[in-house]
Amino acid sequence: QVQLVESGGGLVQAGGSLRLSCAASGRTFSRYAMGWFRQAPGKEREFVASIRGSGGSTYYADSVKGRFTISRDNAKNTVSLQMNSLKPEDTAVYYCAAAAGLTYDYWGQGTQVTVSS
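A brief report on the enclosed structure follows. Keep in mind that this is a model prediction, so the values were computed, not measured. (Residues numbered from 1 in each chain as written. Predicted model: local features only at pLDDT ≥ 70, side-chain atom pairs only at ≥ 80, totals over all residues. Heavy atoms only, no water.)

Considering the overall build of the chain
So, point 1. On a plain count of helices and strands, the chain comes out with 0 helices and 11 strands.
So, point 2. Counting from the amino terminus, the chain carries its helices and strands in the arrangement β-β-β-β-β-β-β-β-β-β-β.
So, point 3. Against the compact-globule benchmark of 13 Å for 117 residues, the chain has a radius of gyration of 13 Å, which places it among compact chains.
So, point 4. Dimensions of the chain along its principal axes, counting C-alpha atoms only, are 40 × 25 × 25 Å.
So, point 5. With 117 residues in all, the chain has 41% of them scored as buried.
So, point 6. Mean positive and mean negative side-chain charge positions of the chain (12 and 8 charges, respectively) differ by 7 Å. (Helix = DSSP H or I, 4+ residues; strand = E, 2+ residues; numbered from the N terminus. Rg over C-alpha atoms; globule rule 2.2 N^0.38 Å. Buried < 20%, exposed > 50% of the residue type's maximum accessible area, 1.4 Å probe, protein only. Lys, Arg positive; Asp, Glu negative; His and termini not counted. Charge placed at Lys NZ, Arg CZ, Asp CG, Glu CD.)

Following this line, the structure appears as structure tokens:
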């Protein structure tokens, strides 16, 4: 069982930056691939970025590539999402998720990111 708690959301102007963090419980954090997803009002939840358990491989949605960076610290059981050059269309609730296999089995409660124009 993994519990995830996100933090770092808030209100920022377009072009600004935010850093989201996700703290995970448990002693097997490095076994999980971690991902960030987001859901805007009236839209389905979408993939943003993910990182392998070892931290060696990362993946990004085309819409955030070059602007967002995912990273993890297995010693601290945390995963972060550095978001730069934010756009109004990045406004959403951002969720952290953990996957032991092919699916994301554990989800955080989400943190709101609002980008004003």
